[in-house]
There are 4 protein chains.
Amino acid sequence: MASNSFGIIFRITTWGESHGSAIGVIIDGCPAGLALNNEDINLELRKRRPGTSPYTSPRQERDQAEILAGVFEGQTTGAPLSIIIPTEDARPAAYESFKTLLRPGHGTFTYHAKYGVFDYRGGGRASARETACRVAAGAVAKKLLAVSGIQVAAYMRELGGIYLPAAPGDNLPALAQRVAASPLRCHDSSTEPALAALLASTIAAGDSLGGIVECLAQVPPGLGDPLYEKLEARLAYAMLSIPASRGFELGEGFAAARQRGSAHNDTFICDEQGTLKPASNNAGGVLAGISTGLPLIFRVAFKPTSTIAQPQQTVDLGGNPATLSPGPLARHDPCVAIRAVAVVEAMAALVLADALLLNHRAQLKNT
Amino acid sequence: MASNSFGIIFRITTWGESHGSAIGVIIDGCPAGLALNNEDINLELRKRRPGTSPYTSPRQERDQAEILAGVFEGQTTGAPLSIIIPTEDARPAAYESFKTLLRPGHGTFTYHAKYGVFDYRGGGRASARETACRVAAGAVAKKLLAVSGIQVAAYMRELGGIYLPAAPGDNLPALAQRVAASPLRCHDSSTEPALAALLASTIAAGDSLGGIVECLAQVPPGLGDPLYEKLEARLAYAMLSIPASRGFELGEGFAAARQRGSAHNDTFICDEQGTLKPASNNAGGVLAGISTGLPLIFRVAFKPTSTIAQPQQTVDLGGNPATLSPGPLARHDPCVAIRAVAVVEAMAALVLADALLLNHRAQLKNT
Amino acid sequence: MASNSFGIIFRITTWGESHGSAIGVIIDGCPAGLALNNEDINLELRKRRPGTSPYTSPRQERDQAEILAGVFEGQTTGAPLSIIIPTEDARPAAYESFKTLLRPGHGTFTYHAKYGVFDYRGGGRASARETACRVAAGAVAKKLLAVSGIQVAAYMRELGGIYLPAAPGDNLPALAQRVAASPLRCHDSSTEPALAALLASTIAAGDSLGGIVECLAQVPPGLGDPLYEKLEARLAYAMLSIPASRGFELGEGFAAARQRGSAHNDTFICDEQGTLKPASNNAGGVLAGISTGLPLIFRVAFKPTSTIAQPQQTVDLGGNPATLSPGPLARHDPCVAIRAVAVVEAMAALVLADALLLNHRAQLKNT
Amino acid sequence: MASNSFGIIFRITTWGESHGSAIGVIIDGCPAGLALNNEDINLELRKRRPGTSPYTSPRQERDQAEILAGVFEGQTTGAPLSIIIPTEDARPAAYESFKTLLRPGHGTFTYHAKYGVFDYRGGGRASARETACRVAAGAVAKKLLAVSGIQVAAYMRELGGIYLPAAPGDNLPALAQRVAASPLRCHDSSTEPALAALLASTIAAGDSLGGIVECLAQVPPGLGDPLYEKLEARLAYAMLSIPASRGFELGEGFAAARQRGSAHNDTFICDEQGTLKPASNNAGGVLAGISTGLPLIFRVAFKPTSTIAQPQQTVDLGGNPATLSPGPLARHDPCVAIRAVAVVEAMAALVLADALLLNHRAQLKNT
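Everything numeric here is computed off the predicted structure, so don't read it as measured data.

Draft legend 1. Summary view of the confidence of the model for chain A. Per-residue pLDDT for chain A has a mean of 93; in total, 97% of the residues score no lower than 70. Interface predicted TM-score (ipTM) for the complex: 0.97; the corresponding pTM is 0.97.

Draft legend 2. Main features of the pattern of salt bridges. All names here are of chain A. Under the counting rule described, the total for this entry stands at 72 salt bridges over all chains. Two residues, Lys47 and Glu44, come together in a salt bridge whose shortest N-O distance is 3.3 Å. Just as Lys47 is buried, Glu44 falls in that class too. For Glu345, the salt bridge is made with Lys142, and the minimal N-O distance between the two is 2.3 Å. Taken together, the positions of Glu345 in helix H8 (residues 336-358) and Lys142 in helix H3 (residues 131-147) put the pair 203 residues apart, joining distant regions of the chain. For the pair Glu345 and Lys142, a shared accessibility class is recorded, and that class is buried. Connected via shared salt-bridge partners are Glu44, Lys47, Lys142 and Glu345.

Draft legend 3. Just the relation of the copies chain A and chain B, in detail. When chain A is fitted to chain B, the best match, at an RMSD of 0.0 Å, comes from turning it 180° and sliding it 0.0 Å along the axis. A rotation of that kind, with that shift, is consistent with a two-fold axis. For chain A, the residue whose C-alpha comes nearest the rotation axis is Tyr237 of chain A, separated from it by 2.2 Å. When the interface residues of chain A are mapped onto chain B, 100% of them again lie at the interface, so the same face is used by both copies.

Draft legend 4. Layout of the interface of chain D and chain C. Every contact between the two is made by 109 residues of chain D and, on the other side, 109 residues of chain C. Both faces combined, the contact of chain D with chain C buries some 8,500 Å², and carbon together with sulfur accounts for 62% of it. A per-residue breakdown of the area chain D buries against chain C is headed by Lys114, Tyr228 and Arg246 of chain D, which together make up 11% of the total. In this structure, the salt-bridge partner of Arg258 of chain C is Glu158 of chain D, at a minimum N-O distance of 2.5 Å. Linking chain D to chain C there are 37 residue pairs in polar contact (both at pLDDT 80 or more). In terms of residue count, helix H2 (residues 108-115) of chain D provides more of the side of chain D that touches chain C than any other element does, seven residues in total. Taken together, the residues of the side of chain D that touches chain C sort by class into 50 nonpolar, 38 polar and 21 charged. As defined by bridge partners, strand S11 (residues 245-250) of chain C adjoins strand S11 (residues 245-250) of chain D across three bridges and the pair is classed as antiparallel. Bridged to Glu249 of chain C within S11 of chain D is Gly247 of chain D.

Draft legend 5. Molecular detail of the interface of chain A and chain B. Across the contact, 109 residues belong to chain A and 109 residues belong to chain B. Of the roughly 8,500 Å² buried between chain A and chain B, counting both surfaces, carbon and sulfur atoms make up 62%. Contact with chain B buries area across many residues of chain A, yet Lys114, Tyr228 and Arg246 of chain A alone supply 12% of it, more than any other trio. The interface formed by chain A and chain B holds two salt bridges in total. Along the contact surface separating chain A from chain B lie 35 residue pairs in polar contact (both at pLDDT 80 or more). With seven residues, helix H2 (residues 108-115) of chain A is the single largest residue contributor to the side of chain A that touches chain B. Residues that form the side of chain A that touches chain B fall into these classes: 50 nonpolar, 38 polar and 21 charged.

Draft legend 6. Main features of the nonpolar core. If you look at the biggest cluster of nonpolar residues, it comprises 441 residues, and the most contacted ones within it are Met239 of chain A, Met239 of chain B, Met239 of chain C together with Met239 of chain D. Look past the residues within four positions of Met239 of chain B in its chain and what remains in contact with it is Ser245, Phe248, Phe298, Val300, Val344, Met347 and Ala348 of chain B.

Draft legend 7. Quick peek at the sheet that holds strand S4 (residues 66-69) of chain B. Residues and elements named next belong to chain B. Strand order in this open sheet of five strands is S1-S2-S3-S7-S4, and the pairing throughout is antiparallel. Of all strands in the sheet, those with a lone pairing partner are strand S1 (5-6) and S4, marking the two edges. In this structure, S4 lies alongside strand S7 (residues 81-86), joined through three bridges in antiparallel fashion. Note on S7: the bridge partner recorded for Glu66 is Ile84.

Draft legend 8. Representation of the relation of the copies chain D and chain C in the model. Of the transformation superimposing chain D on chain C, the axial component is 0.0 Å and the angular component is 180°, with the fit at an RMSD of 0.0 Å. Both copies present the same face, since 100% of the interface residues in chain D are matched by interface residues at the equivalent positions in chain C.

Draft legend 9. Main features of the sheet that holds strand S9 (residues 162-163) of chain A. Strand order in the open sheet formed by 10 strands is S9(A)-S8(A)-S10(A)-S16(A)-S11(A)-S11(B)-S16(B)-S10(B)-S8(B)-S9(B), and the pairing between neighbours is antiparallel. Where the open sheet ends on each side, the last strands, each with one partner, are S9 of chain A together with strand S9 (162-163) of chain B. With seven bridges joining them, strand S10 (residues 211-218) of chain B and strand S16 (residues 296-302) of chain B adopt antiparallel strand pairing. Counterpart to Leu216 of chain B in the pairing with S16 of chain B is Ile297 of chain B. Against the sheet, helix H8 (residues 336-358) of chain B touches strand S8 (151-159), S10 and S16 of chain B, its axis set at about 150° to S8 of chain B.

Draft legend 10. The arrangement of the packing of helix H6 (residues 231-239) of chain A against H8 of chain A in detail. All names here are of chain A. At a closest axis distance of 9 Å, the pairing of H6 and H8 adopts a crossing angle of 145°. For the pair H6 and H8, the sense of crossing is right-handed. For the pair H6 and H8, contact is made by Leu231, Arg234, Leu235, Ala238 and Met239 and by Val344, Met347, Ala348, Val351, Leu352, Asp354 and Ala355, respectively. Of the residues assigned to the contact of H6 with H8, the class counts are 10 nonpolar, no polar and two charged.

Cut-offs and rules
Numbers given for residues are sequential positions, taken from 1 along each chain in its written order. Think of it this way: whatever chain is written first is A, whatever ligand is written first is 1, and the rest follow in order. With pLDDT at 70 or above as the cut-off, local features in this predicted model cover only qualifying residues; side-chain atom pairs require 80 or more to be listed or tallied, and sums for whole chains, interfaces and linings still use all residues. In computing side-chain values, all of the structure's heavy atoms are included and hydrogens and water are not. A residue's pLDDT is the predictor's confidence in that residue, given on a scale from 0 to 100. In the sections that follow, a salt bridge refers to a side-chain nitrogen of Lys or Arg positioned within 4 Å of a carboxyl oxygen of Asp or Glu. Exposed residues in this analysis have more than 50% of their type's maximum accessible area, buried residues have under 20%, and partly exposed residues fall in between, with area computed by a 1.4 Å probe over protein chains only. Secondary structure counts use DSSP, requiring at least four H or I residues in a row for a helix and at least two E residues in a row for a strand, with both numbered from the N terminus. We superpose the copies by least squares over the C-alpha atoms of residues that have a pLDDT of at least 70 in both of them. We call two residues in contact when some of their heavy atoms are within 4.5 Å. As a working definition, buried area equals the accessible area (1.4 Å probe) given up by two parts on being put together, with both sides summed. Counting of polar contacts relies on pairs of N or O atoms within 3.5 Å, with two restrictions inside protein: one atom must be capable of donating a hydrogen and the other of accepting it, and residues adjacent in sequence are counted only when both atoms are side-chain atoms. Residue type decides the class: Asp, Glu, Lys and Arg count as charged, Ala, Val, Leu, Ile, Met, Phe, Trp, Tyr, Cys and Pro as nonpolar, and the leftover types, Gly among them, as polar. By this definition, two strands are paired if DSSP reports at least two bridges between them. Among the buried residues, those of types Ala, Val, Leu, Ile, Met, Phe, Trp, Tyr and Cys that are joined through side-chain atoms within 4.5 Å form a nonpolar core. To get an axis, a line is fitted to the C-alpha atoms, and for a helix only the part in contact is used. The angle between two axes follows their N-to-C directions and goes from 0 to 180 degrees. Crossings are sorted by hand: turned counterclockwise from the far helix by less than a right angle, the near helix makes the crossing left-handed, and turned clockwise it makes it right-handed.

Structure, rendered in structure tokens:
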């Protein structure tokens, strides 16, 4: 089982509740010899930090990670990395008043059904705060991937029904930098004012929005495995494990279901350097579960934030009607998809780091 | 790794190439005491058999499965089940002429990139013929689930851009029976003539179509795990491992990204029997990775069949331009989504059987 | 891979180096509803604490564990448990002088061969200090097992060639208590003076001793799995993962290789309560990988402590002859087997907790 | 769980009962490009075939394996290998008369306790016939290992209390050939007459003998992992999964528990070629879980065959006293350790092939 772990060779295990004293992640399987320090991780954590713009939760968490083990003299040693992120702005008492209420869109009901108990303080283990650990681990995965020239960049593709343009895939580090600088995680500043206006009116109405995140990755051909460990299967698995995600699509995705084969098929060419490759990329960078060498491209749909400032009718654990009122819960993100951009990018990096390490012995002549 | 296995406790491992002498599946972890015989499996296999209508491949495979091990005196014993399906209509020679061609939409290129070798006969291991093994294993999973009252039914929701209505979720065995009786896997016969006409014209044009399969499941609350083993994550993983699938969405799915939280959230009620449950099912039957008790509902997008009867420009392994001409490859499905209905249903059953067996010790008081 | 994890359902992951700021363990898969607090863990940790008798290392580590996550209002919640043990008596500088020396019996050489780098401070990750995490996790496993009436007790069976009598298996909690009270982990005080004398003379000679630990467990019939997950296979796997262990045997063990079948076979009887069971226990409580209901009994051999106070000839990483001299390394255990008693008991508890949770769905009628 | 699988990257799954129509094994994770045919496997299977000498079971099974999938044009393709071994001399009726008897030393009782059902025909899944699948898979592992210069050889070290000399470790292929030519799997023909005489008198008395198998392997430094996946832990796990095994020891093993550290420690030298290595091999080729480059050496103890020709008192499933009489069961091995030599060798090869494939990304600079 190990429902708190992800990955086969490059494997993470996360722990901690939203309002406990700390959260953390163990990374097992990172090769020795990778330069790594706290700042490598904190740089990425800042991309999902709350409290940094009017468009994210006002909760003040600096999310300063510390590597407790696995690094010696500035390099990984092959030992497990243990990264801890202390909690600073915990307010468990704020949740006392609705500890028995079934919060719409939250895990209160299902955790009770499964476990008979629920740490209700800020969502406990079900809180999106856990995703900070994914981003911390993703930071390590990205450093490992960069050594092999693999890059990843995610960005907002649609927010509250407003479409944003696709990003160019030719310079992913530059793209990632542009996205990190945007409070709404857009790669293209021209759409930001419309999004900001929509968010402002939604916040004013005490409501929330959904969104779609797109992710690009530049990878060599041959990553991924056939059948049950297809690269797109691992990516879908990773993405649907992110809180609030509701869908995944690769390349043309759901639109491919409306295409003819003659239009959808990517034919093959031999380019000027003599490299064989698909002439187009409707497939999204993968064929039969294995990367083609063209950019990986996929999208993840996020539902609107479940916690809203409007009062909601519900029942308590005893079945009595009750009203869930905003109060401290108002410390919420108006659109979880914004901070999810960093999480999508991190999870993609984790999948790719694992695929890279798994790929090594596919052919005897590479051994 | 084990890229040919799926599942944690109820775990399958499949083997065999499209034009080898047989294909097969091992099922490990099935509880002892389940009544099982060959016909239980062959009944399900008939749902994805080729050669049974003008809308599927004319390849003649009766797909008669035989249980070689794991059953004694009509019951499972706890030993691994070994199911074999001999190949009858293999025509490997038919593939000789284009063994060096990079077939658009197929694994030829990526298998060569990864393994340096490719069993080109009918797609070898990358062939959708492997999905017969998934359906065989799914037949066992369904029998196991039925003992706990869990039912699954999939059906065509969209084909070549034509939408079909959603099915009622109140009687899944009846729904499954209706779908099995339809050559196009529709639950609703009124749309079939339009689909048949579209398929006929597409076949005449030497082209192919994509489609979207919807799946419903009736499960008790509490199945699935939090975090990385969320029920929807396991389902997405399973569905994106099916050949030609391009997307997965749960409940409202991608449309949820365009909803407001106040509209999307399912509030909770206490019904007349005193049962707590969501009042609506925008979530698709899952909250925080764990089933709510309302029907699971998800969709899977399939690209149009890659093999088409029109000639396609491509290159060979040496980089020389070449034309891929139909010939024997014309033994293809005009729309893979039709036969994929049975595969989606089988994979859903495998995920649920595993979740059921994993769930047992979540609470100490259940032990 | 995940070489720092153990277990399938009840799964631990440990982290930390001997002279880092802390070590810790994550436990995933513990059922919700188990009462648990820090003292439950610290009680067990005291059994392997150094610095408590002349017969163990003088290093002063109080080994005060803290549960950082997974417990809410005194009970486990189904979330992962994170337990941390801060390091107090770290003296990394003491290891500076021989950081390039290949220490006989230690991992310096092989870690360099594998990883190209080695955290030499007190053995880094290869240090037996990691076993504190195993004992902490074992404390949780024992509490879980106790709910099902399963008990475990280990004790010294042979030390430096001096045999100790076998312990009675009828009251394991009492046995465990007697053993915990003995500084040499003997259940039988009559042999202790001879052992103490041998240890004193060995310490005086700057040398070290090996030993054999025996472990008993009272378990119901039916635990364990056939074939590759046999209960004895999991136990052997667990025991040979303990630093300095060199052998494992079940029941009559190596002596069984010298018996005739007519003498070794345990016949079956039906006792006065109508219970079927083996009439004797040469098998050590397991047949065909599954527990019989008679006490599990196995032994683990430990080599003499590798770190000794005598100077040893060796070479450095550059191949130059060098002498490894005692100095601070003298903070060693004269016989690792003594403190290993607690570790054997903990690892046995981890194997059994996992077997208990895995056992639940073996038969359909139990579901 | 997956109790019928072994290995992480190079992973086998076996199926089939003793008196079913066939048994088989799937190998997942074998790199593409390895030359392989049926005869490679049958060559190894002949080493554990029954019916070839007066010292093994008279059951006539030619054990002719056939590769059904995973090989194309004489080479592995990266697809799973499916190997089947049809059963020829099945006599299920012979077991009818004691289907309710609890056979001493067998799984009848524990399988009933766990599964509530037991395929009693010749031991069903619990039969040692399953080990033919291990040997078949081991044949593939050995071919893979040979490419990297890794060799394995096992032989009888003790039989019925008679010790045999240790074998030289300098030429393992020659050693393996000598052992294969000996009906008693001895490397040294001088002891064979005494063993043959002991076996003859034991057979005449209707009794059985135990034995100890020793195994040597020549491996490079750096294989294996620290902590829970130590090379010796994986070997112990593998060996204790073999039917009738009762103990495992590495290097000096249990005898190390009686040595002083000053005697047991292997110091390090730099040889004439400038290679760093241990000067002696008391450790048995492993330090801290990772290979040193000196020969791996370990021993496995086997209990005497449980099935004996003498009548044995027992009870039936209803608790009624009964006598188990020889009859057809007399088709047994007088000493299972003889045919277990091939199984120990195969399991060692499986552990090493997995360690080899896992090792590849331990250091970044090797990537």
